[in-house]
Amino acid sequence: MSLRSRRSLRLAVSFSVLTAATASTAQTVTLPQITVTAPSPIQRGTPVTTDSLQGTLPVVTDQFAPVTVIENGEIRRSGAATLGDLLFDKPGITGSQFAPSASSRPIIRGLDVNRVRIQENGIGANGASDLGEDHFVPVDPLVTERVEVIRGPATLRFGSQAIGGVVETGNNRIPMALPSRPVSTEFRAGFSSVDKGADGAVLLDAGAGNFALHADSYARRATDYKVPSYPYRTAPDAADLPNATQPGGFNGTQTNSSLRNSGQALGGSYIFNDGFIGAAITSSSALYHIPGAEPESKQTRIEAKQTKILTKGEWRAPSSVVDAIRFWGGFTDYKHNEIGLSDQTDFNSAGIQQTFINKEQEGRVEAQLAPFDLRIASLTTAIGVQGGHQMLDAPAPGGIGLWDRNTNNRIAGYMFNEFKLNELTKLQAAGRIERVHLDGTGRSFDAVGTLTQTAAARDFTPKSVSFGILRDMPLDMTASLAAQYVERAPKPAELYSGGVHDATTTFDKGNINLGIEAAQSLELGLRRAKGPFRFDASIYYTRFKGFIYRRLTGNTCSEAGDCTGAAELNEAIYSQADATFRGGEFQSQWDILPLGSGMFGIENQFDVVRATFTDGTNVPRIPPVRLGGGVYWRDANWFARVKLIHAFAQNNVATVADSGTGAYDDLRAEVSYNWKNAKPRFDQLGEFTVGISGSNLLNRDIRNAASYSKDQVLMPGASVRVFASVRY
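All chains use their own residue numbering, which begins from 1 and follows the written sequence. Restriction of local features to residues with pLDDT of at least 70 applies here, the model being predicted, together with a cutoff of 80 or more for giving and counting side-chain atom pairs; totals for whole chains, interfaces and linings are based on all residues. Based on all heavy atoms of the structure, the side-chain values leave hydrogens and waters out of the count.

Asks: How would you summarise the overall build of the chain if you had to cite specific residues and measurements?
Replies: From N to C terminus, the chain includes six helices and 35 strands. Here the radius of gyration uses the C-alpha set of atoms, whereas the globule reference equals 2.2 Å times the residue count to the power 0.38. Taken against the 2.2 N^0.38 rule, which gives 27 Å for 728 residues, the C-alpha radius of gyration of the chain at 25 Å falls within 12% of a compact globule. We call a residue buried when its accessible area falls under 20% of the maximum for its residue type, exposed when it is over 50%, and partly exposed in between, using a 1.4 Å probe and counting protein chains only. The burial tally for the chain puts 58% of its 728 residues in the buried class. Contact criterion: two residues are considered in contact whenever any of their non-hydrogen atoms come within 4.5 Å of each other. Taking contacts inside the chain between residues at least 6 apart in sequence as the whole, the part at least 24 apart equals 67%. Secondary structure follows DSSP: runs of H or I at least 4 residues long count as helices, runs of E at least 2 residues long count as strands, and numbering of each begins at the N terminus.

As structure tokens, then:
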């Protein structure tokens, strides 16, 4: 371990030791009721540690699944351009960072794409981010009010793609209540130094009678971001990649990393005494460049457009038997073009190289029944039905795309039962059965790339069950134990792929004979959400049977699929093997003592995941062990924090086409001021926030161990961001 790493470790450990001490002199934090909606269809008020003071660690204690909550204030202070960036430093979560600030999808406990579901207001994001690591997530934090992350299997409520977890984003695009004022307008803006970036948003909420209306519009743009050093571990061959930056031509930036994104939404609801019904239409557009030697030389960029219609509603207490009926629906039309030079020596040869199309419809209905007295327990039951249809296509001008047009139809039913044995103990038992029908064209290649295509329809019936116990413990702690058996059906890309996948530098070969992937998971949690010392700790063990992954054979292929000689693409065959994931997460916050008008405290965090196949080899691209700590001060208006996260070197890598990453230190700092008017009149200012934050302030080389592009892409260097928001 380097001297720098040892110093960082000592600093982080010192924070950990301090937080374990007794906090008897600090003041008690007031805990309001906040509803957490993602983990279970059985909804109730959830106490989490948020109060009038900014920056309080949210700890959810009454859910059987571990949940990370990112509130609106933290999202605004972060200024992250993607969900992967926003969640990157959270215990148990990181981002794919294929193109930082442009395309970064959340990774939960080492699991990503087909195992992590991203949704907006209860409906899947439904873009193409799960089909390629270079594809953006069409949900922008700039207009997101809140994020909930289920760390661990959430298949029982949300289906096969949630076997690794769920990232639920919430906003007011479908209002669920009348606004407090007839008209309210909010302006948000930020500027960052590392990429000369600027972002802004306008949000409007209005209400009259029984009707509520919402509209928003946002935009962001950035130039190539600065990096501490030359980003390519190996200088590109000028003969093969004539436009890629050589060491002597390095200008201090990650070339080909600029972006320009925008979006709009319009929604409304009818509000009545016992619920609401509403709908919204949203539009997202993105034009962003892909960093890396080959994308730089080919001037690769992605131009994406998504239009989505969302609807949801709730009817509370329709009868003495049913507490509430809720529904969600979504219709998505997504398309993006991957544009680049067909001839790297001719800058006029830019054109569409690949297109991805996703047309998807999804719906879910849930009924929460009234509690029923079983004498030994009070039983609350929720039942649900979920269905969806997806059509995917990936045409390529002048050749075959990554796959032919295919469809994915699914229908599922599920039930959650919660038993309240007494005031201290709750049990949960849940089950789900799903029917999945996939229809497409399988592709197979011989050694020299001769293509054979076969119509292939597959049917799967994934089944999942779970059991959990929640127990209030002494000292205001809550313990949880959860056991799950979950299954997922293969995705179309895993069955029907056959061709060049630029994002992963592979020649992908799908496998129409893949079977169901199953996971057995056991998790133990201990949490405390009251008092000056608050913490959230979890340990877990998950064993996969038939884990589906891209198996790199060690062969290389040409773009035509010839894998008999040396070429630039790694041969990747979708395969199945048994694997084990185990790890743990911890985060805490301790209000040490009153200081001036506010509270001074310390915080720390730790997370680790280890993933291996049964033959002892490593699952590729697993995040490193991370340890961090910091200090903060906050009062009713001000919040200040300094935090250091140390990531250890990751040398547990796959045997083929995977590389280790070195240790790094990420020093972050922020100061913000927030003012609220408790009862503003129509013509008065309601709230404003202004602040400044810094990331990677030590300007370290940071390579993300979980990224496919880690050998060619550095994360942004030292950056300072100023931000403000005003609400009328």
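Next, the rest of the story.
Asks: Explain the pairing of strand β25 (residues 498-501) residue by residue, including any values.
Replies: One ladder, built from four bridges, connects β25 with strand β26 (residues 506-509); its direction is antiparallel. Looking at β26, one finds that H501 is bridged to T506. Between any two strands, at least two bridges found by DSSP are needed for them to pair. Connecting β25 to the next strand, β26, in antiparallel fashion are four residues, including T505 with a positive phi near 55 degrees.

Asks: If you had to explain the sheet that holds strand β3 (residues 67-70) to someone new, which residues and values would you point to?
Replies: The five strands are arranged β3-β8-β9-β6-β7 in an open sheet whose pairing can be described as mixed. Either end of the sheet is taken by a strand with one partner, and the two such strands are β3 and β7 (123-124). Summarising the sheet, strand β8 (residues 146-151) and strand β9 (residues 165-170) pair through six bridges and their orientation is antiparallel. Considered in β9, the bridge of E148 is made with E168.

Asks: For the pairing of strand β22 (residues 451-460), give the residues involved together with the corresponding values.
Replies: Where strand β21 (residues 425-445) meets β22, 10 bridges bridge the pair, whose relative direction is antiparallel. In the sheet register, T441 faces β22, and the bridge partner there is A455. Where β21 folds back onto β22 in an antiparallel hairpin, the turn is made up of five residues, including G449, whose phi is positive at roughly 95 degrees.

Asks: Help me get a handle on the nonpolar core, residues and values and all.
Replies: Side-chain atoms within 4.5 Å are what join buried Ala, Val, Leu, Ile, Met, Phe, Trp, Tyr and Cys residues into a set we call a nonpolar core. Residues Y288 and W403 are the most contacted members of the largest nonpolar core, which totals 31 residues. For this core, the secondary structure elements donating two or more residues are β14 (275-289), β15 (301-316), β21, β22 and α6 (492-496). Filtering out sequence-adjacent residues up to four positions away, W403 remains in contact with L131, F356, L392, D393, A394, R443, A493, Y496 and S497. Counting residues in each nonpolar core, the second largest holds 21 residues, with L111, Y414, F581 and I622 among its members.

Asks: Explain the environment of A503 to me, using residue names and the numbers behind them.
Replies: By the element assignment, A503 lies in the loop between β25 and β26. For A503, a relative accessible area of 4% gives the class buried. Sequence-wise, A503 and G190 are 313 residues apart; in three dimensions their C-alpha atoms are separated by 30 Å. Once you skip the residues sitting within four places of it in the chain, A503 turns out to touch F98, E133, D134 and Y708.

Asks: Account for the side chain of R146, with residues named and values stated.
Replies: Along the chain, R146 falls in strand β8. Owing to a relative accessible area of 16%, R146 belongs among the buried residues under this scheme. Of the polar contacts made by the side chain of R146, one reaches the side chain of E71; its length is 3.1 Å. Two N or O atoms form a polar contact when they lie within 3.5 Å of each other; inside protein one atom must be a possible hydrogen donor and the other a possible acceptor, and for residues adjacent in sequence the pair counts only when both atoms belong to side chains.

Asks: Summarise the environment of Y485; cite the residues concerned and give the values.
Replies: For Y485, the location among the structural elements is in strand β24 (residues 477-488). Exposure remark for Y485: the relative accessible area of 30% places this residue in the partly exposed category. Along the backbone, Y485 and R534 are 49 residues apart, and their C-alpha atoms lie at a distance of 31 Å. Other than its neighbours up to four places away in sequence, Y485 contacts K463, S464, V465, A518, A519 and Q520. Engagement of the side chain of Y485 in a polar contact is seen with the side chain of E487, the distance being 2.6 Å.

Asks: Pulling in residues and values, what's your account of the pattern of salt bridges?
Replies: Here the idea is simple: oppositely charged side chains can pair when their charged atoms come close. Salt bridge, as used here: a side-chain nitrogen of Lys or Arg that lies within 4 Å of a carboxyl oxygen of Asp or Glu. Per the counting criterion, the structure on display carries 50 salt bridges. In this structure, K420 and E423 form a salt bridge, with 3.3 Å as the shortest nitrogen-oxygen distance. You can call K420 partly exposed: its relative accessible area is 34%. The salt bridge partner of E494 is R488, with a shortest N-O separation of 2.8 Å. Counted as one network, the salt bridges with shared partners bring together R109, R151, E523, R527, D536 and E585.

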